[in-house]
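Okay, here's what each chain looks like letter by letter:
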Amino acid sequence: MIVLSSVCRICTQVGAEIFGGEILDSQKRIMYALMVFLMFAWGLEYIFAKHALETFQPITLLFFKYVVGFTVVLLIKLKKDGKTIVRKQDIPIFLLCSILGEIGYFSFEYTAMDYLPISLITIVLAFVPALSIIIDRVVFKKKATRKMGIGIALSILGIAMIIGVDYQILFEGRLIGYLLAFGAVLTWNLYNFITASLHDHYDSATLTLNQLICTILLTWPYALTHLPSQGAVTASVIGGIIYLGTLSAGVGFLIQVKSLHILGPTTTSMFSNFLPITTTLFGWLFLGETITMIQVVGGVIVITAGYIVIKEKGKAEESSND
């Protein structure tokens, strides 16, 4: 609790610096703190997912993960108001969100683990905010400043330093893995923008619950016909699935969906640049991996680059609102 409190306080201070204390309202302060917490939770997810994928196929793992997540979100929703309203014209949009975000992104990511180390997958995912800004520019005609471009380039450089990539083996027989990882980048960006557009008609809990319902309906036929043998499912695997469902698919998606509404798709996607930091941290804690000085320097570069991009994005949004 002390660590989480410190993280939240630091996050609030950074947010105040980025947007200015008078401009940054309480909702944004809370959202920045929650997104930092989520990056730690999702960083730890890689360890649990890697272990569970030794027993489950990706789609089967996603099904059980989202069943747990659905239970968590449903309990939150019932405690809040118990009303779930879905407009008929939005059903295809919810299905598309599930295909892109819950199923597509994680299927690409989980399958890529068979071809690439997690470190290389993470560096490819650093292109999420870059593509987000490109979509902003092409689709929504929003200008990207020079500083935003420099910030994104620096964040990618910092991530490369953190995970200690050996550039000589980047493209040696790993094309499938890279294609899968870039597929994750594309589907996650599309999911972010489409989900953000639904907030005019749904609160975060309802939006998340509807997406999880669609995801379960889409994945259960495959999952129930591709179950692992009973003896292969250990207590540690079950515990990992509970973690994935509770913090990633349940609480995690609630935070993500709310952030898309309050902070916007591009700012929300920038937080993915912090995942290499958290995965490196948990690799050190649980796998005995050491954190070198160059990784520390890379972390500073990533955080600084994130500051530059979010600050520039905040300025652009302020100008647009004015």
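Numbering of residues starts from 1 in each chain and follows the order in which that chain's sequence is written. With the structure being a predicted model, the display of local features is reserved for residues of pLDDT at least 70 and the display and counting of side-chain atom pairs for 80 or more, all residues being used for whole-chain, interface and lining totals. Side-chain descriptors were evaluated using all non-hydrogen atoms of the structure, hydrogens and water having been removed beforehand.

### Points about the overall build of the protein
Only DSSP runs of H or I with at least four residues qualify as helices, and only runs of E with at least two residues qualify as strands; both kinds are numbered from the N terminus onward. In terms of helices and strands, the protein carries 13 helices and zero strands. The cut-offs for exposure are 20% and 50% of the maximum accessible area for each residue type, with area from a 1.4 Å probe on protein chains only; residues under the lower value are buried, those over the upper are exposed, and the others partly exposed. Within the protein, buried positions represent 49% of all 322 residues. Taking the intrachain contacts of the protein between residues at least 6 apart in sequence as the baseline, contacts between residues at least 24 apart amount to 87%. Pairs of residues are marked as contacts when any of their non-hydrogen atoms sit within 4.5 Å.

### A few points about the packing of helix 4 (residues 91-112) against helix 8 (residues 175-197)
Interhelical geometry of helix 4 versus helix 8 gives an angle of 155° and a closest axis separation of 8 Å. By the angle between their axes, helix 4 is roughly antiparallel relative to helix 8. As for how helix 4 packs across helix 8, the hand of that crossing is left-handed. Fitted lines through C-alpha atoms give the axes, limited to the stretch in contact for helices. The angle between two N-to-C directions lies from 0 to 180 degrees. Note on terminology: angles under 35 degrees are roughly parallel, angles over 145 are roughly antiparallel, angles of 65 to 115 are roughly perpendicular, and the others are oblique. If you view the pair so one helix is near and one far, a crossing is left-handed when the near helix is turned anticlockwise from the far one by less than a right angle, and right-handed when it is turned clockwise.

### Brief notes about the confidence of the model for the protein
Values of pLDDT, ranging from 0 to 100, describe the predictor's confidence in every residue of the model. With 82% of its residues at a pLDDT of 70 or more, the protein shows a mean pLDDT of 79. Within the protein, helix 4 carries the highest mean pLDDT (92), whereas helix 1 (residues 2-19) carries the lowest (42). Note on residues 1-23: pLDDT is under 50 here. Beyond four places in sequence and across chains, it has 25 contacts.

### What to know about the packing of aromatic side chains
Stacked, edge-to-face and tilted are the three classes for Phe, Tyr and Trp ring pairs, Trp counted by its six-membered ring, which pair at centre distances within 6.5 Å; planes under 30 degrees apart are stacked, over 60 edge-to-face, the rest tilted. Applying the stated criterion across every chain, the model contains 13 aromatic pairs. Measuring from centroid to centroid gives 6.4 Å for Phe106 and Trp188, while their planes differ by 80°, and the two rings are edge-to-face. Of the two residues, Phe106 sits in helix 4 while Trp188 sits in helix 8, which places them 82 residues apart along the sequence. What makes Phe106 buried here is its relative accessible area of 2%. Ring-pair connections join several aromatic residues into one group, and the members of that group are Trp42, Tyr105, Phe106, Tyr110, Trp188 and Tyr191. Directly above the ring of Phe106 sits Lys65, whose terminal nitrogen or CZ lies 3.5 Å from the centroid. Two limits define a charge over a ring: the Lys NZ or Arg CZ must be within 6 Å of the ring centre, and within 35 degrees of the ring normal.

### A word on the environment of Gly177
Summarising the element assignment, Gly177 is placed in helix 8. Of the residues examined, Gly177 reaches a relative accessible area of 0% and is grouped as buried. Taking the C-alpha atoms as reference, Gly177 lies 9.2 Å from Leu120; in sequence the two are 57 residues apart. Once you skip the residues sitting within four places of it in the chain, Gly177 turns out to touch Ala112, Tyr115 and Leu116.

### Here's the deal with the nonpolar core
For this analysis, a nonpolar core means a set of buried residues of the types Ala, Val, Leu, Ile, Met, Phe, Trp, Tyr and Cys, connected via side-chain atoms within 4.5 Å. Grouped together as the largest cluster of nonpolar side chains are 70 residues, with contacts concentrated most on Leu61, Tyr66, Phe106, Tyr110, Trp188 and Tyr191. In terms of residue count, helix 2 (residues 26-52) provides more of this core than any other element does, 12 residues in total. What Tyr191 contacts, discounting residues up to four positions off in sequence, is Cys97, Leu100, Gly101, Glu102, Gln211, Phe253, Val257 and Leu260. Of all hydrophobic cores here, the second largest spans six residues; its members include Met148, Ile152, Met270 and Val309.

### A closer look at the pattern of salt bridges
What makes a salt bridge here is a side-chain nitrogen of Lys or Arg within 4 Å of a carboxyl oxygen of Asp or Glu, nothing more. On inspection of all chains with the given rule, the structure shows three salt bridges. Note that Lys77 and Asp203 form a salt bridge whose closest N and O atoms lie 3.4 Å from each other. One end of the pair, Lys77, is in helix 3 (residues 58-80); the other, Asp203, is in the loop between helix 8 and helix 9 (204-223), with 126 residues separating them in the sequence. Overall, Asp203 belongs to the partly exposed group, its relative accessible area being 27%.

### Some remarks on helix 6 (residues 127-138)
Because each turn of an α-helix spans 3.6 residues, side chains separated by three or four positions end up pointing in the same direction. Given the number of residues in a helix, its expected span is that number minus one, multiplied by 1.5 Å. Between the first and last C-alpha of helix 6 there are 16 Å, a value that for 12 residues agrees with the 16 Å anticipated at 1.5 Å per step. What helix 6 keeps buried is the set Val128, Pro129, Ala130, Ser132, Ile133, Ile135 and Asp136.

### Here's the deal with the packing of helix 4 against helix 9
In the contact formed by helix 4 and helix 9, the axes pass within 8 Å of each other and the chain directions differ by 75°. The orientation of helix 4 with respect to helix 9, classified from their angle, is roughly perpendicular. Judged by residue contacts, Phe94, Leu95, Cys97, Ser98, Ile99, Glu102 and Ile103 of helix 4 engage Leu207, Asn210, Gln211, Leu212, Cys214, Thr215, Leu218 and Thr219 from helix 9. Residues were grouped as follows: Ala, Val, Leu, Ile, Met, Phe, Trp, Tyr, Cys and Pro as nonpolar; Asp, Glu, Lys and Arg as charged; and all remaining residues, including Gly, as polar. When its residues are assigned to classes, the contact of helix 4 with helix 9 shows nine nonpolar, five polar and one charged.

### Some remarks on the side chain of Thr219
Take Thr219: it is sitting in helix 9. If we skip the residues at most four places from it in the chain, Thr219 touches Ile59, Phe63 and Ile103.

### Some points on the state of the cysteines
In plain terms, two cysteine sulfur atoms within 2.5 Å form what is called a disulfide here. Following the criterion strictly, the structure yields zero disulfides and no others. The thiol sulfur of Cys97 is not disulfide-bonded, and the nearest other cysteine sulfur, from Cys214, lies at 8.6 Å. For Cys97, a relative accessible area of 0% puts it in the buried group. What makes Cys214 buried here is its relative accessible area of 11%.

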